[in-house]
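Chain by chain, the residues:
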Amino acid sequence: MVYYLIALIVFLVDQGTKYLIATRLELGEQIPVIKDFFIITSHRNQGAAFGILQGQQWFFVVVTVIVVAGIVWYLNKARATRKLLPTALALVLGGAVGNFLDRLLNGEVVDFLMFNFGSYTFPIFNVADSCIVIGVALIILDTLLDMKSGEEINEVKETKEVKEGNE
């Protein structure tokens, strides 16, 4: 249940921040937070990450429904045996549902976090995007840790077999 609470918190923070941006800033308006490095801006995105697949809302709706169903199924399966993976899945779930609602209701996603690295501007994103990226990174970390613990278990078994064979 705690993992669905995490997803709900992500969803609410995402929707709250998007609402503030959409209602308080004009489209394209910018508020510098850290000089030219970090800027809050009002931007809309009809595509996916980095603006790819612009105007493909129904594609995103269908894919998101499938992904959310898969996450809920796997979250229910994994939460009894693991800790990091369900947290990661909860972050992805909350972010996916946040962006899904925007696409479904408005046909676009509100983005507002802009970072500049010299002359390069990183694609503008939002809280949902951040949680999805962090969640995916944690899923990868969980996978690597699981692989490492599997190797350690095999090493213990092999060591035990060698010792038993020598006796």
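Residues numbered from 1 in each chain as written. Predicted model: local features only at pLDDT ≥ 70, side-chain atom pairs only at ≥ 80, totals over all residues. Heavy atoms only, no water.

This part is about the packing of aromatic side chains. Using the criterion set out here, one finds 6 aromatic pairs in the structure. Aromatic pair F38 and F115: ring centres 4.6 Å apart, planes at 10°, arrangement stacked. Here F38 is found in strand 2 (residues 38–45), whereas its partner F115 is found in strand 3 (residues 109–117), with 77 residues between them in sequence. Between F115 and F125 the ring centres are 5.9 Å apart and the planes differ by 15°, which places this aromatic pair in the stacked class. Here F115 is found in strand 3, whereas its partner F125 is found in the loop between strand 4 (120–121) and helix 4 (127–166), with 10 residues between them in sequence. (Phe/Tyr/Trp six-rings, centres within 6.5 Å; stacked < 30°, edge-to-face > 60°. Helix = DSSP H or I, 4+ residues; strand = E, 2+ residues; numbered from the N terminus.)

Turning our eyes to something else, we now look at the UniProt feature "active site" (unreviewed entry) in the chain. As annotated in UniProt, the feature "active site" (unreviewed entry) corresponds to D111 and D129 in the numbering used here. Spatial clustering of the annotated residues is evident: they stretch over 19 residues in sequence, but the largest pairwise C-alpha distance comes to 8.9 Å. Here D111 is to be found in strand 3. Apart from residues lying up to four places away in sequence, D111 is in contact with T41, S42, H43, N45, I124, F125, N126 and D129. (UniProt positions renumbered as here; feature names shortened; annotations may be inferred. Contact = heavy atoms within 4.5 Å.)

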